[in-house]
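# Remarks on the overall topology
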Protein chains: 2
Amino acid sequence: MSTDGFFEHVTIIGPGLIGGSLGLALKAQGLADRIVGVGHRQVSLDKALAIGAIDAGTLDATEGVRDADLVVLCTSVGRIQRQLRELVPCMKDGVLITDVGSIKGAICSAAAEALAGHGGPGMRFVGSHPLAGSEQRGIDAATDGLYDGATCILAPSANTDPDGSGLVALRAMWQAVGCVVKEFSPDLHDRLLAEVSHLPHVVAAALVNTVSEDALPLGATGFQDTTRIASGDPGLWVDICMANREGLQASLKQMQSELAEFQAAIESGNAETLARLFAEAKSVRDGRFGLEG
Amino acid sequence: MSTDGFFEHVTIIGPGLIGGSLGLALKAQGLADRIVGVGHRQVSLDKALAIGAIDAGTLDATEGVRDADLVVLCTSVGRIQRQLRELVPCMKDGVLITDVGSIKGAICSAAAEALAGHGGPGMRFVGSHPLAGSEQRGIDAATDGLYDGATCILAPSANTDPDGSGLVALRAMWQAVGCVVKEFSPDLHDRLLAEVSHLPHVVAAALVNTVSEDALPLGATGFQDTTRIASGDPGLWVDICMANREGLQASLKQMQSELAEFQAAIESGNAETLARLFAEAKSVRDGRFGLEG
């Protein structure tokens, strides 16, 4: 049982920015003897090989996971759920599985089903969510320093890691590559991430959709910053929103109610309330990101 | 009558980032013989003098505006309205007055009242709104290139510029310092700016106020970008929202309805509609700012 973050054989499914950077960091820290990358394009695998993020690449996922001690799923939220169902039956008993998706509840459920249906008795799953590298994508942007100081959330569940050994091993690994590790249940993770990540994406997109054709050219840096994440991949965000419907609905309801407070203050000309609402937001945000953030 | 953007004597009230940069640009282009700065702190005036943004500074606004051919009010939206009432009686007949505030309707009304009550027959007012320099503030950030390629909106009104000569002179001046000039009525300006500037500020603040204390530390770059303008000066934004209540209410209503569309799609699990809403936003935003913006 690994408690120092070391795994003999690691398989990374989808060695792009997140997965490739993990490969580089594991290598840099001497945390893996052999890293296999599973991809769906040979050219990306060749790049991952060339920069040393993996030791071998394969387009055949079944083949790629067979001998792994640790499997890390670094694809999209929708794909991770499918791959768990498809690949768990091909993994060896004793394997530890994790993923890096932005949703933990639905993925953990998919893992529980896969393990219960087709897994060996010693197989474990613990979801991970490193909060890193959201701006760029692809193996070209991978770097061994991506996780330096980044927060990584682990979302353990007794269903998929009964003795907690998977949690111990993954905590050691993420810490060894530089992460500050936090632990939340899958459901709490999804509720909290709905607030700071999934809701902002919906809000940014709704804000863009609000603006008329005549007004759009007048949008300057403020509008540009506020809507930046509306340029994200629609498919990815549909997957995430659909996988976190419950958490997102609660956040959306709260957002509507906060907006209504501003609306009421503006409608009634209540400058005092409006000043309090703006000051509250400024104080919270400055506290989180500093005055220049 | 100036049609080449030249004014013998310009007075800039509040020579900070916007006003100071205008002073520097007018000097660089040879568009003014003499520039007087009016401030409320001697140290800021001394800085404006030192970098050559003004030729003389005074803390006495009455004194500062007396001989001006062009007066440019570069203070806050609330202050501009008060200064129009206080200072118009001290200006010479024939003066052209403008401002750089983010609201044009309420300011233009204040100007019309001031001119009707205390102005000479040849006094004119045309509001300006250069869309530049929203990130930093103060004379230290002033630069003669601030207006290069920036959009400047002019909001003429027959009430305050009956023969249109003020509009002609200001259009020439803003173009001479590098601006792309657009013209809208004060009311249309306020409706359009509500959508791309005032609404985003309210939305960013409401988003911050939605987030719980536990979720806040998990906010990463996406959340940081989306809420950046929530760190703006609450006092300034209360002034702007109060001065543009009508435009802002219409935008807020539209935003609530766009959010409700996302909400309904998420609630009913309608991935197709959700994909359409996200794709629409991405396409509009990419069209405005490009893929990397």
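Nothing here was measured: the structure is a model prediction, and the numbers come from that model.

This next bit is on the state of the cysteines. On inspection of all chains with the given rule, the structure shows zero disulfides over all chains. Of all cysteine sulfurs in the structure, the one in C179 of chain B sits closest to C152 of chain B, which takes part in no disulfide; the separation is 4.8 Å.

Residue and element names in this part refer to chain B. Along strand β8 (residues 151-155), five of the five residues are buried, which leaves the element largely enclosed by surrounding structure. Alternating residues of β8 divide into T151, I153 and A155 and C152 and L154, and every residue in both groups is buried. As paired strands, β8 and strand β9 (residues 180-183) are joined by four bridges and run parallel to one another. Within the sheet, the bridge partner assigned to L154 lies in β9 and is E183. For the crossover from β8 across helix α6 (residues 165-176) to β9, the handedness is right-handed.

All names here are of chain A. Spatially, three strands are ordered β7-β8-β9 in an open sheet, and the strand pairing comes out mixed. Where the open sheet ends on each side, the last strands, each with one partner, are β7 (127-130) and β9 (180-183). The average undirected angle you get between the axes of adjacent strands in this sheet is 25°.

The next point concerns helix α5 (residues 105-118) of chain A. Taking 1.5 Å as the rise per residue, α5 of chain A with 14 residues should run 20 Å; its terminal C-alpha atoms sit 20 Å apart, in good agreement. Looking only at α5 of chain A, the buried set comprises G105, I107, C108, A110, A111, A114 and L115 of chain A.

Each partner contributes to the interface: chain A provides 83 residues, whereas chain B provides 83 residues. For the chain A and chain B pair, buried surface summed over both sides reaches about 7700 Å², with 67% attributable to carbon and sulfur atoms. Taken together, chain A and chain B are joined by two salt bridges. With a shortest N-O distance of 3.3 Å, R228 of chain B and D225 of chain A are connected by a salt bridge. At the boundary of chain A and chain B, one finds 30 residue pairs in polar contact (both at pLDDT 80 or more). When residues of the side of chain A that touches chain B are traced back to their parent elements, those giving at least two are β8 (151-155), α7 (186-210), α8 (221-226), α9 (234-243), α10 (245-267) and α11 (271-289) of chain A. The element contributing the most residues to the side of chain A that touches chain B is α10 of chain A, with 17 residues. Residue classes in the side of chain A that touches chain B are distributed as 45 nonpolar, 23 polar and 15 charged.

Our next topic: the pattern of salt bridges. Considering all chains together, one arrives at 20 salt bridges over all chains under this definition. Across the pair R171 of chain A and E183 of chain A runs a salt bridge, and its minimum N-O distance is 2.8 Å. Remark: E183 of chain A occurs in strand β9 and R171 of chain A occurs in helix α6 (residues 165-176); sequence separation between them is twelve residues. Judged by relative accessible area, R171 of chain A falls into the partly exposed class, the value being 26%. The network of salt bridges with common partners includes D225 and R228 of chain A together with D225 and R228 of chain B.

Right, let's get into the side chain of D286 of chain B. Topologically, D286 of chain B is positioned in helix α11 (residues 271-289). With relative accessibility at 15%, the residue D286 of chain B sits in the buried group. Once residues within four sequence positions are removed from consideration, D286 of chain B is found in contact with S231 of chain A together with L291 of chain B.

Conventions and cut-offs
Residues numbered from 1 in each chain as written. Chains lettered and ligands numbered in written order. Predicted model: local features only at pLDDT ≥ 70, side-chain atom pairs only at ≥ 80, totals over all residues. Heavy atoms only, no water. Disulfide = S-S within 2.5 Å. Buried < 20%, exposed > 50% of the residue type's maximum accessible area, 1.4 Å probe, protein only. Helix = DSSP H or I, 4+ residues; strand = E, 2+ residues; numbered from the N terminus. Pairing = 2+ DSSP bridges. Right-handed = clockwise from strand over helix to strand, strands pointing away. Axes fitted to C-alpha atoms, helices over the stretch in contact; angles between N-to-C directions. Expected span 1.5 Å × (residues − 1). Contact = heavy atoms within 4.5 Å. Buried area = accessible area lost by both parts, 1.4 Å probe. Salt bridge = Lys/Arg side-chain N within 4 Å of Asp/Glu carboxyl O. Polar contact = N/O pair within 3.5 Å; in protein donor to acceptor, adjacent residues only side chain to side chain. Nonpolar A, V, L, I, M, F, W, Y, C, P; charged D, E, K, R; others polar.

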